[in-house]
Amino acid sequence: MIFKREFSLKRGTRMRSTEEKIKRKVISVVIIVAILSTMTGCGKSQSRKEPITLTIWHVYGGQTDSPLNDLIDEFNGTEGKKEGIKIQVGMVSNTNTIHEEVLKAANKDPGAAKLPDLFISYPKTVLAMNDSGILADYHDYFSENELKDFIPEFLKEGEIDGRLLVFPVAKSTEILFVNKTIFDRFSADTGASMEQLTTWEDLFDLSDTYYEWSDAQTPDVEGDGKSMFVHDYHFNYFQVGVESLGTDFFNGDKIVYDTSEFGQVWEPYARAAIEGGIWLNEGYATEPLRTGESIVSVASSASVLYYSDEVTYADNVTYSDNRSEPIEIIARPVPVFKNGGKLVMQRGAGICLTKSDPEREEAAAKFVKWLTEPEKNVQFVTSVGYMPVTEKAFELLPEAINNLTNEKYKSLYQAFIDTQNEYTFYCAPQMDSYLDSEMKFEKNIRMKLTSARKRYMNNEADIETLVWDTFQEFSDSME
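What comes next concerns the included structure. Here the structure is a predicted model, which means the values were calculated and not measured. (Residues numbered from 1 in each chain as written. Predicted model: local features only at pLDDT ≥ 70, side-chain atom pairs only at ≥ 80, totals over all residues. Heavy atoms only, no water.)

1. Brief notes about the packing of aromatic side chains
Then, number 1: Here the structure, examined in full by the defined rule, presents 45 aromatic pairs.
Then, number 2: With a centroid separation of 5.1 Å and 80° between ring planes, the pair formed by Y413 and F416 is classed as edge-to-face. Linking Y413 with F416, this pair stays in helix α16 (residues 407-422), spanning three residues, or about one helical turn. Grouping residues by exposure puts Y413 and F416 together as buried.
Then, number 3: We note R347 situated over the ring of Y233; from NZ or CZ to the ring centre the distance is 4.0 Å. (Phe/Tyr/Trp six-rings, centres within 6.5 Å; stacked < 30°, edge-to-face > 60°. Helix = DSSP H or I, 4+ residues; strand = E, 2+ residues; numbered from the N terminus. Buried < 20%, exposed > 50% of the residue type's maximum accessible area, 1.4 Å probe, protein only. Lys NZ or Arg CZ within 6 Å of the ring centre and 35° of its normal.)

2. Section: the pattern of salt bridges
Opposite charge on two side chains makes pairing possible when the charged atoms of those side chains draw close.
Then, number 1: Counted by the stated rule, this structure contains 21 salt bridges.
Then, number 2: Of the charged contacts, one joins E464 and R271 as a salt bridge, the two residues approaching to 2.4 Å between their closest N and O atoms. Of the two residues, E464 is situated in helix α18 (residues 463-477) and R271 in helix α11 (residues 260-275); the sequence distance between them amounts to 193 residues.
Then, number 3: Of the charged contacts in the structure, one is a salt bridge between E442 and R446, with a shortest N-O distance of 3.6 Å. Of this pair, E442 and R446 both sit in helix α17 (residues 434-457), four residues apart, which is roughly one turn of that helix.
Then, number 4: Look at E442 and you get buried, because its relative accessible area is 12%.
Then, number 5: On the basis of relative accessibility, which here comes to 12%, the residue R446 falls in the buried class.
Then, number 6: Here the residues in one salt-bridge network are E267, R271 and E464, joined through shared partners. (Salt bridge = Lys/Arg side-chain N within 4 Å of Asp/Glu carboxyl O.)

3. Some thoughts on the packing of helix α14 (residues 374-384) against helix α15 (residues 391-402)
Then, number 1: At a closest axis distance of 9 Å, the pairing of α14 and α15 adopts a crossing angle of 55°. One element, α14, and the other, α15, form an angle in the oblique class. Two packed elements cross with a definite hand, and for α14 against α15 that hand is right-handed. Facing α14, whose interface residues are P374, E375, N377, V378 and T382, α15 presents K392, A393, L396, L397 and A400.
Then, number 2: A per-class count over the contact of α14 with α15 returns six nonpolar, two polar and two charged. (Axes fitted to C-alpha atoms, helices over the stretch in contact; angles between N-to-C directions. Parallel < 35°, antiparallel > 145°, perpendicular 65-115°, else oblique. Left-handed = near helix turned anticlockwise from the far one by under 90°. Contact = heavy atoms within 4.5 Å. Nonpolar A, V, L, I, M, F, W, Y, C, P; charged D, E, K, R; others polar.)

4. Here's the deal with the nonpolar core
Then, number 1: With 147 residues, the main nonpolar core has Y60, F167, L197, F238, W266 and F441 as its most contacted residues.
Then, number 2: When residues in this core are grouped by element, the largest group, eight residues, is from α11.
Then, number 3: With sequence-adjacent residues up to four places away left out, L197 is seen in contact with L176, V178, F183, L203, L206, M228, V296 and P335. (Core = buried A, V, L, I, M, F, W, Y, C linked by side-chain atoms within 4.5 Å.)

5. Details of the layout of surface pockets
Then, number 1: Of the voids in this model, the largest pocket is the one considered here, and its volume is about 1,800 Å³.
Then, number 2: Those elements that place two or more of their residues in the lining of the largest pocket are α4 (95-106), α5 (123-127), β14 (343-347), α14 and α17.
Then, number 3: For the lining of the largest pocket, the leading source of residues is α17, giving seven residues.
Then, number 4: In the lining of the largest pocket, the residues fall into 23 nonpolar, 16 polar and ten charged. (1 Å grid on protein atoms, 1.4 Å probe; cavity = no way out; pocket = protein on both sides within 12 Å on 5 of 7 lines; lining within 4 Å. Points joined across faces, edges and corners; volume = space filled by probe spheres on them.)

6. Notes on the environment of H139
Then, number 1: Within the secondary structure layout, H139 lies in the loop between α5 and α6 (144-147).
Then, number 2: Residues H139 and L165 lie 26 residues apart in sequence; the distance between their C-alpha atoms is 8.8 Å.
Then, number 3: Apart from the residues within four sequence positions on either side, H139 is in contact with E144, L147, E159, G162, R163 and L164.

7. Concerning the sheet that holds strand β1 (residues 52-58)
Then, number 1: Within the open sheet, the four strands sit side by side as β2-β1-β3-β15. Their pairing is mixed. Where the open sheet ends on each side, the last strands, each with one partner, are β2 (85-92) and β15 (350-353). Averaged over all neighbouring strand pairs, the angle between strand axes comes to 30°, with direction disregarded.
Then, number 2: Two strands pair when backbone bridges link them, and β1 and strand β3 (residues 118-121) are joined in this way by two bridges, in the parallel orientation. In the strand pairing of β3, W57 is matched with F119.
Then, number 3: Seen against the sheet, α4 touches β1, β2 and β3 and runs at an angle of roughly 130° to β1. (Pairing = 2+ DSSP bridges.)

8. A closer look at the side chain of S244
Then, number 1: Structurally, S244 can be placed in helix α10 (residues 234-244).
Then, number 2: Judged by its relative accessible area of 13%, S244 is buried.
Then, number 3: A distance of 2.7 Å separates the side chain of S244 from the backbone oxygen of G241, its partner in a polar contact.
Then, number 4: Among residues more than four places away in sequence, those in contact with S244 are F337, G340, G341 and L343. (Polar contact = N/O pair within 3.5 Å; in protein donor to acceptor, adjacent residues only side chain to side chain.)

9. What about α14?
Then, number 1: All of the buried residues along α14 are K376, N377, V378, F380, V381, T382 and V384.
Then, number 2: Check the buried side of α14 and you find it contacts α2 (67-77), α13 (358-371), α15 and α16.
Then, number 3: At the C-terminal side of α14, G385 shows a positive phi close to 80°.

Below is the structure:
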């Protein structure tokens, strides 16, 4: 019995000791959890008080009047506040200036500013960098499931050596803009139809009729007919035109001139230019439309901002009894060749993300994701004249058009919808010599066709001879 009693006492003591150990462990765990929770809470509070601040350089508007700045303020006050992220605008300028400043910063030129966390850029800027490895790959922050929602061609343009470095947030394309006010007068007198602006062949034929009609507006002045058409980017007309006919415009980094497809694109264009139907002066297409020197143009859709709703006529133009008058500008998809595919140049810069550390990069990616959410993206692009970047956002455009009050913008966004539904977006090749080729092409083709136009006016040669002699001169000048 004594043995049993001693055993029971010892057993009870061991049980109390075990229970006390368990209690102490439980209390310790509770205390640790409480401490960690407190630390986490303090961290979140601290993050809200001192968020990650990211800088951005962009091109959408002015420093004090910018739709993107307004959206950044919205992000900072909502999602950014919640996530502990603040976006700070460091520069609002044009793409050329940002291109130069980014390269200076990337190459660490003396006196250059520090590269921002985010900046708007064309792929040509990235290709011009000594080391594109300073940029983050968006594949690290967007899942394949997220990326499948975007227009594939828009993503493709931003991929360099397999890395997604230029992310689409707003895209533009080329659009046909028409001064409908004058075109309607031209149509009433000649029977010209807006549908004749659907194909390049018909448009160039119509430009000859327009030249004669405009010349007749001032019967006391001989030979003062006007060019109906102006293209902001002659290089794009040829590049997309040749590709739409099923042939490569480039072979490596060289332009291919000796194909029947290039000849098909050249002939009606050169004929119209030599006969006076195409504006060949330097400058943007908005200028001859503003002065009544031309009435139809192909330009970047983003240039809608610069198409005036009023024409101030040149001294020798008498389409109107008044020197100035309000006009209606409408937008349509670009023309195509009758036997070609519906192909159109995609334009518009994207947003690059500078490498820093995973936390900053992830924070920047969250802002990009927020800006490209369908509803937010439509809100953004319709305020700056660009296209959205996802299929879902395009589906929301018709409703957004109903909320627009500017008829010019309504027309533009309907043209966007038609383009998205019917056309394939063309991606220009990524090569170091692309920009040099473009600049040389633009300069030489204007120069050679302007010279041919003068010879035509002086009756030095017939039109057929001039068309093909000029082709030979031009292709030789590009060697």
